[in-house]
Amino acid sequence: MAVPEVRWGNEAKYLAECVETNFVSTVGKFVSEFETAVTKRMSCAKAVSMVTGTAAIHLGLVALGVRPGDLVIVPSFTFIATANAISHAGALPWLFDIGEACWTLDAAQVEKALEEKTVMVDGAVIHRETGRRVAALLPVHVLGTAADMTAFQKIAQKYGLGHLADGACAIGVTHRGRPLAGFCDLTTLSFNGNKTITSGGGGMLLGNDGALMERIRHLGTTARVGADYDHDAVGYNYRMTNLEAAVGLAQLEQLDRFLDRKRAIREAYTSGFAQLSELNGFPHKEGEESACWLSGVVFSQDRTDGPVRLIEALRDRRIEARPFWKPVHLQEPYSEMLREDLTVTESLWHRIVTLPSSVSLTAEQQKRVIGAVVEMFAPQHA
Ligand SMILES: *Cc1c(COP(=O)(O)O)cnc(C)c1O
């Protein structure tokens, strides 16, 4: 099968350089070049590369002082890795709802719960009912659309919470035209194979606090002191390899083209289905650009069997359509977690169908996808 050319630029060339120079592991020029290139692209002071996006969230929370038994505020509507990273730190997710129009963490609900359900004890925010400390606030930039960071920055400052944003799908995105990583202590990226750009596997932590970022680099490199076997903390072997960074750097060079393509795909689906009353498009937030990581359709409330039927009909035509994230509170390991009202999350998640959104999708192929969906709903127009 032919490899779609649109996905690859200098990857093979940079990989060959790693092999020829013998720098294939965590030391090598591509690691620092990739980190520097990402700080430029995201307008932040520092970046530390990681083995995965999940590891980046985990280490970020540890560095922010999240301890075993703490609570971390997080939306239930996210990929399970966000909650897993909280668990890896020994903490527990406190699950919140999302806004209907944007699919990101509901700032008003977070503020209200902090006000009504917590109390300050010796400078710590304590959840009254459980007696647990609320240690951090973790919004998610869902699908590469910025969460309401202006509001979350205020909340985090007011309560003295650690503030990490999961931006796994948000490379190349700003919030109200300002650098995304400027609103919180730490922002994480993922370069997993399914994200806008990939390094094969990988992640990154972004931030503006030099001391915090140095601490993260140290902890992520087995907390080694000097060149010999001396370590001053329980560290992690979480650093990205030069091979992965070589691929990541070559991918980053193509980011603008990928983002243009992703946004064009979103637009074509939105206008292609505009006359179908049974379907809504993916969220668009006024004044907010999105990375449009994935695109698809959302069924209106009254067609509950629709998503399954659409997915099957498209699969019959060899078009890959898929459900989207099943929320964290419906996942077995998290069914007993502390949670607020999740009305929007529960009504939304099973109505979503993602459609082919890869940068290698051609306009012709997308036309075929749109045609197949329209045919299912409006046979007379087919
Ligand atoms: C992909 C993803 C992650 C996990 O990143 P990995 O690199 O796969 O570990 C975390 N959060 C969100 C929202 C994601 O989409």
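Our structure is the block above this text.
Right, let's walk through the structure included here. Small disclaimer: the values here were computed from a predicted structure and weren't measured. (Residues numbered from 1 in each chain as written. Predicted model: local features only at pLDDT ≥ 70, side-chain atom pairs only at ≥ 80, totals over all residues. Heavy atoms only, no water.)

**Quick notes on the overall build of the protein**
What counts, and what does not: Counting from the N terminus, the helices are DSSP H or I runs at least four residues long and the strands are E runs at least two residues long. For the radius of gyration, the atoms used are the C-alpha atoms, and the globule rule reads 2.2 Å times the number of residues raised to 0.38. A simple rule labels every residue: compare its accessible area, found with a 1.4 Å probe on the protein chains alone, to the largest value its type can have, and call it buried under 20%, exposed over 50%, or partly exposed in between. When checking whether two residues touch, look at their non-hydrogen atoms; a contact exists if any pair is within 4.5 Å. Per-residue and other accessible areas were derived by the Shrake-Rupley procedure at a 1.4 Å probe size, with only the shown protein chains allowed to occlude residues. Asp and Glu are treated as the negative residues and Lys and Arg as the positive ones, with His and the ends of the chain left uncounted. Taken as the charge centre is NZ of Lys, CZ of Arg, CG of Asp or CD of Glu, depending on the residue.
A count of helical and extended segments in the protein gives 12 helices and 15 strands. Since a compact globule built from 382 residues should have a radius of gyration of about 21 Å, the 21 Å found for the protein is in line with a globular shape. A principal-axis box enclosing the C-alpha atoms of the protein has dimensions of 70 × 60 × 35 Å. Of all 382 residues assigned to the protein, the portion counted as buried reaches 53%. Of all intrachain contacts in the protein linking residues separated by at least 6 positions in sequence, the fraction that spans at least 24 positions is 71%. As displayed, the protein has an accessible area near 17,000 Å², and 52% of this comes from carbon and sulfur atoms. Across the protein, the mean location of the 38 positive side-chain charges is 2 Å away from that of the 44 negative side-chain charges.

**Describing the packing of aromatic side chains**
Pairs of aromatic rings are described using the distance from one ring centre to the other and the angle between the two planes. How we decide: Working definition: a ring pair exists when centres of Phe, Tyr or Trp rings (six-membered ring for Trp) sit within 6.5 Å. Plane angles under 30 degrees give stacked, over 60 give edge-to-face, the rest tilted. Either the NZ atom of lysine or the CZ atom of arginine qualifies as a charge over a ring when it sits within 6 Å of the ring centre and within 35 degrees of the ring normal.
Throughout the structure, instances matching the rule amount to 13 aromatic pairs. Geometrically, the ring pair formed by F77 and W103 is edge-to-face, given 6.0 Å between the ring centres and 85° between the ring planes. Here F77, found in the loop between β2 (71-75) and α4 (80-88), pairs with W103, found in the loop between β3 (92-96) and α5 (107-117); they are 26 residues apart in sequence, far enough to count as distant. Its relative accessible area of 0% is what places F77 among the buried residues. Directly above the aromatic system of F30 lies the positively charged group of K29, at a separation of 5.1 Å from the ring centroid.

**A word on the packing of α5 against helix α6 (residues 149-159)**
The cut-off we apply is this: In this analysis, axes come from line fits to C-alpha atoms, helices being fitted only over the stretch in contact, and the angle between any two N-to-C directions falls in the range 0 to 180 degrees. An angle below 35 degrees is read as roughly parallel, one above 145 as roughly antiparallel, one from 65 to 115 as roughly perpendicular, and any other as oblique. Note: crossing handedness is left-handed where the near helix turns anticlockwise from the far helix by less than a right angle, and right-handed where it turns clockwise. Polar here means any residue outside two lists: the nonpolar Ala, Val, Leu, Ile, Met, Phe, Trp, Tyr, Cys and Pro, and the charged Asp, Glu, Lys and Arg; Gly therefore counts as polar.
At a minimum axis distance of 10 Å, the contact between α5 and α6 shows a crossing angle of 15°. One finds that α5 runs roughly parallel with respect to α6. Between α5 and α6 lies a crossing of left-handed hand. Facing α5, whose interface residues are A107, V110, E111, L114 and E115, α6 presents A151, F152, I155, K158 and Y159. Across the contact of α5 with α6, the residue classes tally to 7 nonpolar, no polar and 3 charged.

**Describing the layout of surface pockets**
Heads up, the condition is: Definitions used throughout: a 1 Å grid over protein atoms alone; a cavity as a set of points that fits a 1.4 Å probe which cannot get out; a pocket as an open set with protein on both sides within 12 Å along at least five of seven lines; a lining residue as one with an atom within 4 Å of a point. Grid points are joined across faces, edges and corners, and a volume is the space filled by probe spheres set on the points.
When its volume is computed, the largest pocket comes out at roughly 1,400 Å³. Lining the largest pocket are 50 residues, and of these N194, W293, L294, E320 and R322 sit closest to its centre. Broken down by secondary-structure element, the contributors of at least two residues to the lining of the largest pocket are α3 (53-63), α4, β14 (322-323), β15 (352-355) and α12 (363-377). Grouping the amino acids of the lining of the largest pocket by side-chain chemistry returns 22 nonpolar, 19 polar and 9 charged.

**Digging into the site of the ligand**
Counted only if it meets this: Throughout this document, a residue counts as near a molecule or strand when at least one of its heavy atoms sits within 4 Å of that molecule or strand. Think of a polar contact as two N or O atoms within 3.5 Å of one another; within protein, one of them needs to be a possible hydrogen donor and the other a possible acceptor, and neighboring residues in sequence only count if both atoms come from side chains. Here the criterion for a molecule occupying a pocket or cavity is that more than half of its atoms lie within 2 Å of the pocket grid points.
Near the ligand you find 16 residues, and of these G53, T54, D166, S190 and K195 are the closest. S190 places a polar side-chain atom, nitrogen or oxygen, 2.7 Å from an oxygen atom of the ligand. The separation between an oxygen atom of the ligand and a polar side-chain atom of K195 is 3.3 Å. Within the complex, 93% of the 380 Å² of free accessible area of the ligand lies under protein. Put simply, the ligand lies in the largest pocket. Residues of the shell around the ligand, tallied by class, amount to 6 nonpolar, 8 polar and 2 charged.

**Here's the deal with the pairing of strand β5 (residues 124-127)**
Rules: Paired strands, in this sense, are two strands between which DSSP finds at least two bridges.
The alternating pattern of β5 places A124 and I126 and V125 and H127 on opposite faces, both of which are buried. Pairing geometry for strand β4 (residues 118-121) and β5, over 4 bridges, is antiparallel. Across the sheet, the residue bridging to M120 is V125, located in β5. Hairpin connection, β4 to β5: the antiparallel pair is bridged by 2 residues, and D122 has positive phi, about 50°.

**Some thoughts on the packing of helix α1 (residues 11-21) against helix α8 (residues 242-252)**
Their axes nearest at 8 Å, the elements α1 and α8 cross at an angle of 155°. Taken together, the axes of α1 and α8 lie roughly antiparallel to each other. For the element pair α1 and α8, the recorded crossing hand is right-handed. Every residue of α8 that contacts α1 at E11, Y14, L15 and C18 is listed here: N242, L243, A246, V247, L249, A250 and Q251. Of the residues that constitute the contact of α1 with α8, the class distribution is 8 nonpolar, 2 polar and 1 charged.

**Here we look at the sheet that holds strand β13 (residues 295-299)**
In space, the 4 strands of this open sheet follow the order β12-β13-β15-β14, with antiparallel pairing throughout. Lying at the two open borders of the sheet, with one neighbouring strand each, are β12 (279-280) and β14. Sheet topology note: the β13/β15 ladder contains 4 bridges and is antiparallel. Residue S295 lies in a different strand from β15, and its bridge partner there is L355.

**Brief notes about α4**
Within the sequence span of α4, burial applies to A81, T82, A83, A85 and I86. In the stretch just after α4, G90 is the one whose phi turns positive, near 85°.

**What about the side chain of T196?**
You can see T196 is positioned in the loop between β10 (186-190) and β11 (203-207). Not counting residues up to four positions away in its chain, the partners in contact with T196 are R7, C169, I171, Q251, L255, F258, L259, K262 and W293.

**Remarks on the environment of F324**
Mapped onto the secondary structure, F324 falls in the loop between β14 and α11 (343-348). By relative accessible area, F324 is classed as buried at 10%. Along the primary structure F324 and G306 are separated by 18 residues, whereas in three dimensions their C-alpha atoms are 14 Å apart. Among all residues touching F324, those that are not within four sequence positions of it are F77, L143, W293, L294, I352 and T354.

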